[in-house]
Amino acid sequence: MLKVDNINVYYGAIHALKGISFEVNEGEIVALIGANGAGKSTTLKTVSGIMHPRTGKITFLDEDITHTDGYKLPAKGLAQVPEGRRIFLQMTVMENLEMGAFVQKKPPQEDFENVFTHFPRLKERRSQIAGTLSGGEQQMLAMGRALMSHPKLLMLDEPSMGLAPILVEEIFSIIQEFHAAGTTILLVEQNAEMALQIADRAYVLESGAIALSGTGAELAQSDAIKKAYLGG
Amino acid sequence: MIGLISNLISGVSLGSVYAIIALGYTMVYGIAKMLNFAHGDVIMVGAYICFCGINYLSLPPVVAVLLAIIACTALGIVIEGLAYKPLRSAPNLAVLITAIGVSYFLQNSALLIWKSDPKVFPSIIKLEPIHCFDGQLTIGGVTLVTVLCCIVVMVCLTLFISRSKTGKAMRAVSEDKVAAQLMGINVNRTISVTFAIGSGLAAVAGVLLCSAYPTLIPTTGAMPGIKAFTAAVFGGIGSIPGAMLGGILLGVIEIFAKAYISTQFSDAIVFAVLIVVLLIKPTGILGKKISEKV
Ligand SMILES: Nc1ncnc2c1ncn2[C@@H]1O[C@H](COP(=O)(O)OP(=O)(O)OP(=O)(O)O)[C@@H](O)[C@H]1O
Ligand SMILES: [Mg+2]
């Protein structure tokens, strides 16, 4: 479904991604883990067209999207829940969800209901200004907003960031619900343990390059991973 | 008492022109996060085009005004595309200097095309004045039309921004360009549309301004441009109701200062009020700042 082939990405002179290649197949949950600054967010930004690689190739559903303008990608079935959520703080919950469905003419009522079944808490707060939601609710809104575009591939950048453990569990089980409903998932996480539990396959990024890859179970058992990310 | 009401009406009318100009500043600022200092000169271009349409092409006034609006809308899109778009990721200062450059470019082009001798703007608003209180108070036709235009613009723009898809895209882009792009919004196109609307409104403001003060020279737009910019900051830059309120208050303060304090010092008084307001409320009257949750 998504194929990233040997991409090199730069921030000015900083070489942030050094020849990364990976693949996400239809129906999978793929995790991308790695330390702070490893290049996880940069990878997602490059796939969603916010940045473009200097060399290399990105293919999504057999189409070359390496240099496609980012705004054209949601219509092709790609959605991202960005790092730091980036919901529209001055808009209401409903308006944020509408923005998520921007590529459709007019989103049907069922789409909103669908989001509310995953996140009942958003329903109570539908006309609240998003900036006044709690951090956890904002994360739910960011995920609900991405769901509104009916993505084929949903990319999530650290959805558990800053959440209480109980809420982290909830968010992970919702990611699995999305997956069960037929969405392919590319998940970036600091919380390697939980990410590896739900991932079919995972890649480990280290200073801009892929250091390890394997099935979620394999990596969870690997000594290197245990030492570096799971605390021994 | 009648004098007071009469001054108030003049103030609201002048303020309405400022408000329409201020809308252009505030929308562009809100969305592109830049101060388009050339905005005032688009007003002047609009007025000249309307003038030419009537005097040289003998167009009916309504058609001439429409022509001015269309030409300024196009001018806004061209200015944005040629001068500002290439600087999208440049430092703010570079964009600001460019805007000042565009402003001089427009003024000097006007000087080249229309020469420096003042043109007398034809009176195109033929509405009869209204007399109230047994004829003690007269409200001019231009005054009425100006205030009416301002109300119509305000209502239409508010509806457009809050209801239409493009309007919502504009709000999304003004909050977060990256997130807007992730929603599938074409950020460049949205910025272009914003310039188009702002510049079209500038043409309307130019016609209204020159109907009230009929002398047209290449620097006609400069002072009202600066005042309207002040009005936008006064009301809270980035806020549409703020631009409206700021514009009208500024007009009223200016006329009152002229009438009751001093004609020479009226501009100084206007800016002094601005400074006081910004000291008390740095974001302007209706400006708000939402802090981000981490
Ligand atoms: N806008 C930027 N300008 C310059 N360098 C940047 C920029 N954004 C990221 N970088 C650099 O690129 C590298 C990768 O950053 P990235 O944000 O992808 O890391 P990450 O793996 O997502 O880290 P984290 O887990 O902390 O979110 C880092 O060294 C970072 O300093
Ligand atoms: Mg990151």
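In this text, all values refer to a predicted model and were calculated from it rather than measured experimentally.

Chemist: I tried to follow the overall build of chain B on my own but got confused; where do I start?
Modeler: For chain B, the count of helices and strands is 11 helices and 4 strands. For chain B, the C-alpha radius of gyration of 19 Å lies close to 19 Å, the compact-globule estimate for 294 residues. Its C-alpha atoms put chain B at 65 × 45 × 35 Å along the principal axes. Classification of the 294 residues of chain B by burial places 49% in the buried group. Long-range contacts, defined as pairs at least 24 residues apart, comprise 73% of the intrachain contacts of chain B with a sequence gap of at least 6. About 13,300 Å² of surface is accessible on chain B, with carbon and sulfur atoms providing 71% of the total. Considering chain B, the positive charge centre built from 18 side chains and the negative charge centre built from 10 side chains are found 10 Å apart.

Chemist: Help me understand the pairing of strand 10 (residues 209-215) of chain A in this model?
Modeler: The side chains of a regular strand alternate, first on one face of the sheet and then on the other. Residue and element names in this part refer to chain A. Of the strand pairs in this sheet, strand 9 (residues 201-206) and strand 10 are connected by 6 bridges, and their pairing is antiparallel. Following the sheet pairing, Y203 is matched in strand 10 by S213. Here strand 9 hands over to strand 10 after 2 residues, with S207 in that stretch at a positive phi of 30°.

Chemist: How should I be thinking about the nonpolar core in this particular structure?
Modeler: Here is a general trend for soluble globular proteins: nonpolar side chains tend to be buried in one another's company. Of all hydrophobic cores here, the largest spans 87 residues; its most connected members are C50, Y84, F121 and I185 of chain B. Sorting elements by how many residues they give to this core places helix 1 (residues 2-32) of chain B first, with 13 residues. The contact partners of Y84 of chain B, leaving out residues within four places of it in the chain, are M34, N36, A38, I79, V95, T98, A99, V102 and F195 of chain B. Grouped together as the second largest cluster of nonpolar side chains are 47 residues, V93, A101, V115 and L154 of chain A included.

Chemist: Please explain the coordination of the magnesium ion (ligand 2) as it appears in this structure.
Modeler: Under ideal tetrahedral coordination, the four donors around a metal are separated by 109.5 degrees; under ideal octahedral coordination, the six donors are separated by 90 or 180 degrees. All names here are of chain A. Coordination of the magnesium ion (ligand 2) by the protein involves S41 (OG) and E83 (OE), with metal-donor separations of 1.9 to 2.3 Å. Of the two residues, S41 sits in helix 1 (residues 40-47) while E83 sits in the loop between strand 6 (78-81) and helix 2 (93-100), which places them 42 residues apart along the sequence. For S41, a relative accessible area of 13% puts it in the buried group.

Chemist: Is there a simple way to explain the interface of chain A and chain B in this structure?
Modeler: Accessible area lost during the coming together of the parts is what is often quoted as the interface size. The interface is formed by 31 residues belonging to chain A together with 21 residues belonging to chain B. Applying the counting criterion to the chain A and chain B interface returns 3 salt bridges. The tally of links from chain A across to chain B stands at 10 residue pairs in polar contact (both at pLDDT 80 or more). Among the secondary structure elements, those contributing two or more residues to the side of chain A that touches chain B are helix 2 and helix 5 (135-147) of chain A. Broken down by element, the side of chain A that touches chain B gets its largest block of residues, 4 residues, from helix 2 of chain A. Tallied by class, residues from the side of chain A that touches chain B come to 13 nonpolar, 12 polar and 6 charged.

Chemist: What's the story with a nonpolar patch on the surface in this structure? I'm lost.
Modeler: Taken together, the side chains of M1, L4, Y260 and I261 of chain B present a nonpolar region at the surface, about 480 Å² in accessible area. Relative to the helices and strands, L4 of chain B resides in helix 1.

Chemist: Would you explain the packing of aromatic side chains in this entry?
Modeler: Think of a pair of aromatic rings as described by two things: how far the centres are apart, and how the planes are tilted against each other in angle. Tallied over the entire structure, the rule returns 8 aromatic pairs over all chains. Ring plane angle 5° and centroid distance 4.3 Å describe the contact between Y48 of chain B and W114 of chain B, whose orientation is recorded as stacked. Placement of Y48 of chain B in helix 2 (residues 39-55) and of W114 of chain B in helix 4 (residues 92-114) is noted, with a sequence separation of 66 residues between them. Judged by centre distance (5.9 Å) and plane angle (80°), the rings of F51 of chain B and Y56 of chain B are edge-to-face. Looking at F51 of chain B, the relative accessible area reads 4%, which means it is buried. Connected via pairs of aromatic rings, a cluster forms that spans Y25, F37 and F229 of chain B. For the cation-ring pair, R54 of chain A lies above Y10 of chain A, with the distance from its terminal atom to the ring centre recorded as 3.7 Å. The ring of F102 of chain A has K165 of chain B sitting right over it, with the charged end atom 5.0 Å from the ring centre.

Chemist: Explanation requested: the pattern of salt bridges in the structure shown.
Modeler: As a working rule, side chains carrying opposite charge can pair if their charged atoms are close by. Residue and element names in this part refer to chain B. Taken as a whole, this structure holds 14 salt bridges over all chains when the rule is applied. Here E80 and R88 are joined by a salt bridge, their closest N and O atoms 2.8 Å apart. Look at R88 and you get partly exposed, because its relative accessible area is 32%. Close ionic contact of E254 with K258 constitutes a salt bridge, the shortest N to O distance being 3.2 Å. Note that E254 and K258 are positioned in helix 10 (residues 240-261) at a spacing of 4 residues, about one turn of the helix.

Chemist: Is there a simple way to explain the site of ligand 1 in this structure?
Modeler: Residues and elements named next belong to chain A. Taken together, 14 residues are adjacent to ligand 1, and K40, S41, T42, E83 and Q190 come closest. Within the contact set of ligand 1, an oxygen atom lies 3.2 Å away from a backbone nitrogen or oxygen of A38. Within the side chain of E83, an N or O atom sits 2.6 Å from an oxygen atom of ligand 1. Here ligand 1 has 630 Å² of accessible area as a free molecule, and 64% of this is covered by the chains. If you list the elements that add at least two residues to the shell around ligand 1, you get strand 2 (14-24) and helix 1. Residue contributions to the shell around ligand 1 peak at 3 residues, all from helix 1. Its residues assigned to classes, the shell around ligand 1 comprises 5 nonpolar, 6 polar and 3 charged.

What counts as what
- Residues numbered from 1 in each chain as written.
- Chains lettered and ligands numbered in written order.
- Predicted model: local features only at pLDDT ≥ 70, side-chain atom pairs only at ≥ 80, totals over all residues.
- Heavy atoms only, no water.
- Helix = DSSP H or I, 4+ residues; strand = E, 2+ residues; numbered from the N terminus.
- Rg over C-alpha atoms; globule rule 2.2 N^0.38 Å.
- Buried < 20%, exposed > 50% of the residue type's maximum accessible area, 1.4 Å probe, protein only.
- Contact = heavy atoms within 4.5 Å.
- Areas by Shrake-Rupley, 256 points an atom, 1.4 Å probe, with all protein chains shown as cover.
- Lys, Arg positive; Asp, Glu negative; His and termini not counted.
- Charge placed at Lys NZ, Arg CZ, Asp CG, Glu CD.
- Pairing = 2+ DSSP bridges.
- Core = buried A, V, L, I, M, F, W, Y, C linked by side-chain atoms within 4.5 Å.
- Donors = N, O, S within 2.8 Å, 3.2 Å for Na, K, Ca; no water.
- Salt bridge = Lys/Arg side-chain N within 4 Å of Asp/Glu carboxyl O.
- Polar contact = N/O pair within 3.5 Å; in protein donor to acceptor, adjacent residues only side chain to side chain.
- Nonpolar A, V, L, I, M, F, W, Y, C, P; charged D, E, K, R; others polar.
- Patch = residues over 30% accessible without salt bridge, like charges linked within 9 Å, V, L, I, M, F, W, Y side chains within 5 Å.
- Phe/Tyr/Trp six-rings, centres within 6.5 Å; stacked < 30°, edge-to-face > 60°.
- Lys NZ or Arg CZ within 6 Å of the ring centre and 35° of its normal.
- Near = heavy atom within 4 Å.

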